[in-house]
Amino acid sequence: DLRAGHELTRGRDPGQGRLKAGHETVLVSTSGSTRVGVPLDGITRLESIPLTSIEHASGVEVVTYRGRLMRLVRLQTMLPGGGWSGGGGGFDDMVAAEEGRSLLVLVHETEDDVAGIVVDRIIEVSDADPNGARPGNYPVRVSVLIDGRVTDVIDIEAVVAATRGDTPAMSGAW
């Protein structure tokens, strides 16, 4: 089920989203004008977070999520060409909050940590085939063709680490 507020059962066990050799199941979404593939095994839930619930802690956007603080990262700000930004959407978010809008958040949850990756829209769940793939630049692990369109598959661990202020090495090759 690809609606906000639903648990993604494939996101429970690392590696469960992997199919045949080299293939990976990704949640295809958009962030700005970029098609992004987020490995399904790194996402536990899709949530719609009201803009009015966003607060700031240590210069990072956070929300209270199931009794924990969930850091938010706006994926668009991390993508090559998207520009780094430490905060949220500024004035545009204030206007949107007054209109009752919310953010679409992909929740990455572990026993010790929870982080939310903000995307603009969910397109589909698809199989990413590495044939013809092109290595990407941080935090894009690889660029592939999905349904004839270029899709940047992100390194979800690198994105989540960035919400903590870490900038580790990418978590590995395809």
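Residues numbered from 1 in each chain as written. Predicted model: local features only at pLDDT ≥ 70, side-chain atom pairs only at ≥ 80, totals over all residues. Heavy atoms only, no water.

A.B. asks: Explanation requested: the side chain of serine 143 in the structure shown.
C.D. replies: Mapped onto the elements of the fold, serine 143 is located in strand β12 (residues 140–146). Overall, serine 143 belongs to the buried group, its relative accessible area being 15%. At 2.5 Å, the side chain of serine 143 forms a polar contact with the side chain of aspartate 152. Not counting chain neighbours up to four residues away, the residues in contact with serine 143 comprise Ala133, Arg134, Val150, Thr151 and Asp152. (Helix = DSSP H or I, 4+ residues; strand = E, 2+ residues; numbered from the N terminus. Buried < 20%, exposed > 50% of the residue type's maximum accessible area, 1.4 Å probe, protein only. Polar contact = N/O pair within 3.5 Å; in protein donor to acceptor, adjacent residues only side chain to side chain. Contact = heavy atoms within 4.5 Å.)

A.B. asks: I would appreciate a short explanation of the side chain of arginine 71 in the present structure.
C.D. replies: Position of arginine 71 among the secondary structure elements: in strand β7 (residues 68–74). You can call arginine 71 buried: its relative accessible area is 15%. There is a polar contact of 2.8 Å between the side chain of arginine 71 and the side chain of aspartate 113. The residues contacting arginine 71, other than those within four sequence positions of it, are Val60, Glu61, Val62, Asp113, Val114, Ala115, Gly116, Val160, Thr163 and Arg164.

A.B. asks: Where do I start with the nonpolar core in this structure?
C.D. replies: Looking at soluble globular proteins, one finds that nonpolar side chains tend to be buried together. Counting residues in each nonpolar core, the largest one holds 22 residues, and the members touching the most others are Leu75, Leu106 and Ile117. Secondary-structure elements contributing two or more residues to this core are β3 (34–39), α1 (75–78), β8 (102–109), β9 (114–119) and α3 (156–163). Tallying contributions element by element places α3 first for this core, with four residues. If near-sequence neighbours (up to four positions away) are discounted, leucine 106 is found in contact with Leu27, Val38, Ile43, Arg45, Leu46, Ala115, Gly116, Ile117, Val119 and Ile122. Ile49, Val63, Leu103 and Val105 belong to the second largest nonpolar core, which has 12 residues in total. (Core = buried A, V, L, I, M, F, W, Y, C linked by side-chain atoms within 4.5 Å.)

A.B. asks: Even after reading the chapter, I still don't get the sheet that holds strand β10 (residues 121–128), so can you show me in this structure?
C.D. replies: Within a sheet, adjacent strands bond to each other through the backbone by hydrogen bonds, running parallel or antiparallel. Strand order in the open sheet formed by six strands is β10-β2-β3-β13-β12-β11, with mixed pairing between adjacent strands. This sheet does not close on itself; its edge strands, each paired only once, are β10 and β11 (134–135). Alignment of β12 against strand β13 (residues 149–154), held across six bridges, turns out to be antiparallel. Bridge pairing in β13 places valine 142 opposite valine 153. (Pairing = 2+ DSSP bridges.)

A.B. asks: Mind showing me how you'd approach α3 here?
C.D. replies: Think of an α-helix as turning once every 3.6 residues; residues three or four places apart then point the same way. In terms of burial, α3 is a largely internal element, seven of the eight residues being buried. Positive backbone phi, approximately 95°, marks glycine 165, located one or two places after α3.

A.B. asks: Honestly, unusual backbone geometry in this entry has me stumped. Any pointers?
C.D. replies: What is expected of a backbone is that most residues other than glycine have negative phi and most peptide bonds are trans. Residue tyrosine 138 is joined to proline 139 through a cis peptide bond whose omega torsion reads 0°. Residue position: proline 139 is located in the loop between β11 and β12. Although it is not a glycine, arginine 66 sits at a positive phi angle of roughly 55°. With a phi angle near 55°, aspartate 147 is a residue other than glycine that sits in the positive phi range. Tracing the chain through its elements places aspartate 147 in the loop between β12 and β13. For aspartate 147, a relative accessible area of 58% gives the class exposed.

A.B. asks: Looking at this model, I keep getting lost on the pairing of β8. Mind explaining?
C.D. replies: Regular strands place side chains that alternate from one sheet face to the opposite one. Extensive coverage of β8 is indicated by the burial of six of its eight residues. As defined by bridge partners, strand β4 (residues 45–50) adjoins β8 across six bridges and the pair is classed as antiparallel. Bridging from a neighbouring strand, proline 50 pairs with serine 102 of β8. Both β8 and β9 contribute to a ladder of six bridges, which runs antiparallel. Its bridge partner lying in β9, leucine 106 is registered against isoleucine 117. Between β8 and β9, which pair antiparallel one after the other, the connecting turn spans four residues.

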